[in-house]
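Coordinate inspection notes
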Amino acid sequence: MGSELKDYLRLKEEEWEDMCIRCGGCCGAFDDPCEHLCKDGNGKYYCDIYLHRFGRRRTVSGEVFDCVPVKKILDRHWKNDFLCAYKQYRPFPWFKLK
Ligand code: SF4
Ligand code: SF4
């Protein structure tokens, strides 16, 4: 793969990641959170194993689930999922949130 294409794809990936408002909802922040979900001093959520997050994980109540890219769960529902930037963006892909 050429370096220009790699740079372009990296930029697009960063743009996609930047859309997340870190509400934590997709990681269970509003009901039964993943054991790896943490909150920073500004009230935003982050994953303490972000670079290695995919795979079998557990919630604080002990439920086992698979952590997958958020793109793969946009058709699912979770508590307060109306907050999710990707769910808001999805029906209007021509409209960029930020
Ligand atoms: S492991 Fe997955 S579900 Fe758990 S906090 Fe990290 S990103 Fe969210
Ligand atoms: S629900 Fe959407 S906006 Fe909120 S943390 Fe998950 S991916 Fe980001």
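Look up a bit, the structure's there.
Being a predicted model, the structure only gives us computed values, none of them experimental.

The subject of this paragraph is the nonpolar core. Ranked by size, the top nonpolar core spans 9 residues in total: Trp16, Met19, Val70, Ile73, Leu74, Trp78, Cys84, Tyr86 and Tyr89. Apart from the residues lying within four places of it in its own chain, the contact partners of tryptophan 78 are Gly25, Cys26, Ile73, Cys84 and Lys87.

Cys27, Cys34, His36, Leu37, Cys47, Arg53, Arg57, Phe65 and Cys67 make up every residue found near ligand 1. Because more than half of its atoms lie within 2 Å of the grid, ligand 1 is assigned to the largest pocket. Here the shell around ligand 1 is built from residues that sort into 6 nonpolar, 1 polar and 2 charged.

This part covers the pairing of strand β3 (residues 55-58). Across 4 bridges, β3 lies against strand β4 (residues 64-67) in antiparallel orientation. From the neighbouring strand, arginine 58 faces β4, where its bridge partner is valine 64. The antiparallel pairing of β3 with β4 creates a hairpin that spans 5 residues between the two strands, and glycine 62 there sits at a positive phi of about 100 degrees.

What follows concerns the side chain of threonine 59. Secondary-structure assignment places threonine 59 in the loop between β3 and β4. The residues touching threonine 59, leaving out its near neighbours within four places in the chain, are Asp32, Pro33, Cys34, Glu35 and Phe65.

Taken together, Cys20, Ile21, Arg22, Cys23, Gly24, Cys26, Val70, Trp78, Cys84, Ala85 and Tyr86 make up all the residues around ligand 2. A majority-of-atoms criterion places ligand 2 in the largest pocket. Class assignment of the residues belonging to the shell around ligand 2 gives a composition of 9 nonpolar, 1 polar and 1 charged.

What follows concerns the layout of surface pockets. Approximately 1100 Å³ is the volume attributed to the largest pocket. Taken together, 41 residues line the largest pocket, and the ones lying closest to its centre are Cys26, Cys27, Cys67, Val68 and Ile73. Only α1 (3-18), β2 (45-47), β4 and α2 (85-89) provide two or more residues apiece to the lining of the largest pocket. The class makeup of the residues in the lining of the largest pocket is 24 nonpolar, 6 polar and 11 charged.

A word on unusual backbone geometry. Backbone geometry places arginine 22, a non-glycine residue, at a positive phi of 60 degrees. Locating arginine 22 in the fold gives a position in the loop between α1 and β1 (37-39). Even without being glycine, asparagine 80 reaches a positive phi, approximately 60 degrees. Mapped onto the elements of the fold, asparagine 80 is located in the loop between β4 and α2. The exposure class assigned to asparagine 80 is partly exposed, which follows from its relative accessible area of 27%.

Procedures and definitions
Each chain carries its own residue numbering, running from 1 in the written order of its sequence. Following the order in which they are written, the chains are lettered starting with A and the ligands numbered starting with 1. Only residues with pLDDT of 70 or above have their local features reported here, since the model is predicted, and side-chain atom pairs are shown and tallied only from 80 upward, although totals for entire chains, interfaces and linings are computed over all residues. By convention in this description, side-chain values take in all heavy atoms of the structure and omit both hydrogens and water. Side-chain atoms within 4.5 Å link the members of a nonpolar core, which is a set of buried Ala, Val, Leu, Ile, Met, Phe, Trp, Tyr and Cys residues. For every residue, the accessible area obtained with a 1.4 Å probe (protein chains only) is divided by the maximum for its type, and the residue is called buried under 20%, exposed over 50%, and partly exposed between those limits. Two residues form a contact once any of their heavy atoms are found within 4.5 Å. By convention in these notes, a residue is near a molecule or strand provided one of its non-hydrogen atoms lies within 4 Å of it. Only protein atoms enter the 1 Å grid used here. Points where a 1.4 Å probe fits but cannot escape make up a cavity, open sets with protein on both sides within 12 Å along at least five of seven lines make up a pocket, and a residue lines them when an atom lies within 4 Å of a point. Grid points define the cavity or pocket, and a molecule sits in it when more than half of its atoms lie within 2 Å of them. We call Asp, Glu, Lys and Arg charged. Ala, Val, Leu, Ile, Met, Phe, Trp, Tyr, Cys and Pro are nonpolar, and the rest, Gly among them, are polar. For two strands to be treated as a pair, DSSP must find no fewer than two bridges joining them. Secondary structure elements follow DSSP: runs of H or I no shorter than four residues count as helices, runs of E no shorter than two count as strands, and numbering proceeds from the N terminus. Grid points are joined across faces, edges and corners, and a volume is the space filled by probe spheres set on the points.

Keep in mind that these numbers describe shape and distance, not what the molecule does.
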